[in-house]
Amino acid sequence: MNQHLVNQYKQLGLSEEVIAFGAKIEEELKPRFEKIDAIAEMNQLKVLHAMQKNRVSAECFNQSSGYGYNDMGRDTLEQVYADTFKGEDALVRPQITCGTHALALALMSNLRPGDELLSPVGKPYDTLEEVIGIRPSKGSLAEYGITYAQVDLLPDGGFNWDGIKNAINDKTRLVTIQRSKGYATRPTLSVDRIGELITFIKNIKPDIICMVDNCYGEFVEEKEPLEVGADMIVGSLIKNPGGGLAPIGGYICGKKECVENAAYRLTSPGLGKEVGASLGIIQSFYQGFFLAPTVTAGALKGAIFAANIYEKLGYKVVPNSTESRHDIIQAVEFGDRDAMCAFCEGIQAAAPVDSYVTPEPWAMPGYDSDVIMAAGAFVQGSSIELSADGPVKEPYAVYFQGGLTWYHAKLGILMSLQKLYERKLVNIEEI
Ligand SMILES: *Cc1c(COP(=O)(O)O)cnc(C)c1O
């Protein structure tokens, strides 16, 4: 590595040993990073093509207020999403407050009393438990007489084909498939595996709506789930597709009817997509979507870099250092409180915002142990920006994700290693 760069890293607080260790790992990852760049290139072209085809213009960035009738920027953006993700239509709105809201909206609008929802991939993301009513909550699907069935993955991560077949009945109306593992330990699903699952389900009952929780998965592969038979995909704009620029928002993309149902629920029956002012933020949605393929690639490189560093140091990492990737989340099991906290301190210290604060474990509502969180983000809670968190209890696993640029993700991971190194929690000289 050139000496000017080494000096620059040293100025940020890295020691020569950590810099050298990181450089060695990075060198080994060159061929993998090239593949990631090739996917980003493909996805960048897809987004550009969709923007050109839909004649995105400066007028699209005008702000609308009040009812937001005839908001050309909003309507065009939805078509750009639909064309990029290969859906018939899309709902992309700042009025969708987060990923959970988008998923709740998609479910509540496409299910009716007496219907059954099936998850053939095990327990869904934590926040959906209250949406579905697995944990009782006001306004849950359960309260509206929508039942829920679940078939867990097999111990090896495979689909339980017989179990799924047996679980599908007259009432089964919608199947929810979570692409990312979220904070569970199961493997993340590739788009091709999602396709196999959908084909199997539609062979049994063709009119089942197959929904994919696409959070953290957008632009990680060259294909999205709508291309393998999904009826709708759902996600958050403060994750991958917002490209770090969208300050809020969620999307639902897919079959016209599914999207229309969601729009009628978001605003009102009869009004649907016709209302919903975009206020002044639509440009950030466009610009974020434009950047999203490369931002996602940066985050993905960071996840792989961390997996390789910490696996080499003897920690369990999920996914492991060589596995193929279908989302941007990386887990590292430290098995030790101090190491876990040191890691988070390093991520925080590398941030562009709030780098001077020290993350401390604290009791957060909804968790049965203290939680530690590191984030120094431009958009609050944004998890496409570099962040790390985890419950402070066995096995002391940190989940981390994001990084708007590869260089920042790299610095964050090296800084985490620096903190462990300074406290003599790892030995990097012998490796
Ligand atoms: C983040 C996430 C959600 C929920 O999104 P929020 O914006 O945090 O509400 C749902 N499912 C998965 C897989 C996620 O990663």
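Calculation notes
- Residues numbered from 1 in each chain as written.
- Predicted model: local features only at pLDDT ≥ 70, side-chain atom pairs only at ≥ 80, totals over all residues.
- Heavy atoms only, no water.
- Near = heavy atom within 4 Å.
- Polar contact = N/O pair within 3.5 Å; in protein donor to acceptor, adjacent residues only side chain to side chain.
- Areas by Shrake-Rupley, 256 points an atom, 1.4 Å probe, with all protein chains shown as cover.
- Helix = DSSP H or I, 4+ residues; strand = E, 2+ residues; numbered from the N terminus.
- Nonpolar A, V, L, I, M, F, W, Y, C, P; charged D, E, K, R; others polar.
- Pairing = 2+ DSSP bridges.
- Contact = heavy atoms within 4.5 Å.
- Axes fitted to C-alpha atoms, helices over the stretch in contact; angles between N-to-C directions.
- Buried < 20%, exposed > 50% of the residue type's maximum accessible area, 1.4 Å probe, protein only.

Caption draft 1: Quick peek at the site of the ligand. Looking at the ligand, the residues that line it are Cys98, Gly99, Thr100, Leu103, Tyr125, Gln178, Asp213, Cys215, Tyr216, Ser236 and Lys239. At a separation of 2.8 Å, an oxygen atom of the ligand approaches a polar backbone atom of Gly99. In this structure, a nitrogen atom belonging to the ligand sits 2.6 Å away from a side-chain N or O atom of Asp213. For the ligand, whose free accessible area comes to 380 Å², the fraction covered by protein is 89%. Top contributing element to the shell around the ligand by residue count: helix α5 (residues 99-110), with three residues. Within the shell around the ligand, the residues separate by chemical class into five nonpolar, four polar and two charged.

Caption draft 2: Structural context of the sheet that holds strand β11 (residues 370-375). Taking strand neighbours across the sheet as the criterion, the six strands line up as β8-β9-β13-β12-β11-β10 in an open arrangement whose pairing is antiparallel. Strand pairing shows two members of the sheet lacking a second neighbour, β8 (316-318) and β10 (362-363), which therefore form its edges. Along the sheet, helix α11 (residues 337-349) contacts β11, β12 (387-391) and β13 (397-401); its crossing angle with β11, the most-contacted strand, is approximately 25 degrees.

Caption draft 3: Just the sheet that holds strand β2 (residues 116-119), in detail. Overall, mixed pairing links the seven strands, which are arranged β1-β7-β6-β5-β4-β2-β3 in an open sheet. The open sheet is flanked by β1 (89-93) and β3 (147-150), the only strands paired with a single partner. The mean inter-strand angle of the sheet, taken between neighbouring strand axes irrespective of direction, is 20 degrees. Bridge analysis of strand β4 (residues 172-178) against strand β5 (residues 209-213) gives five bridges, and the strand direction is parallel.

Caption draft 4: A look at the pairing of strand β6 (residues 232-236). Counting buried positions along β6 yields five of five residues, so the element is predominantly enclosed. For β6 and strand β7 (residues 250-254), the ladder comprises five bridges, and the chain directions are antiparallel. Across the sheet, Gly235 pairs through a bridge with Tyr251, a residue of β7.

Taken by themselves, the reported measurements are silent on function.
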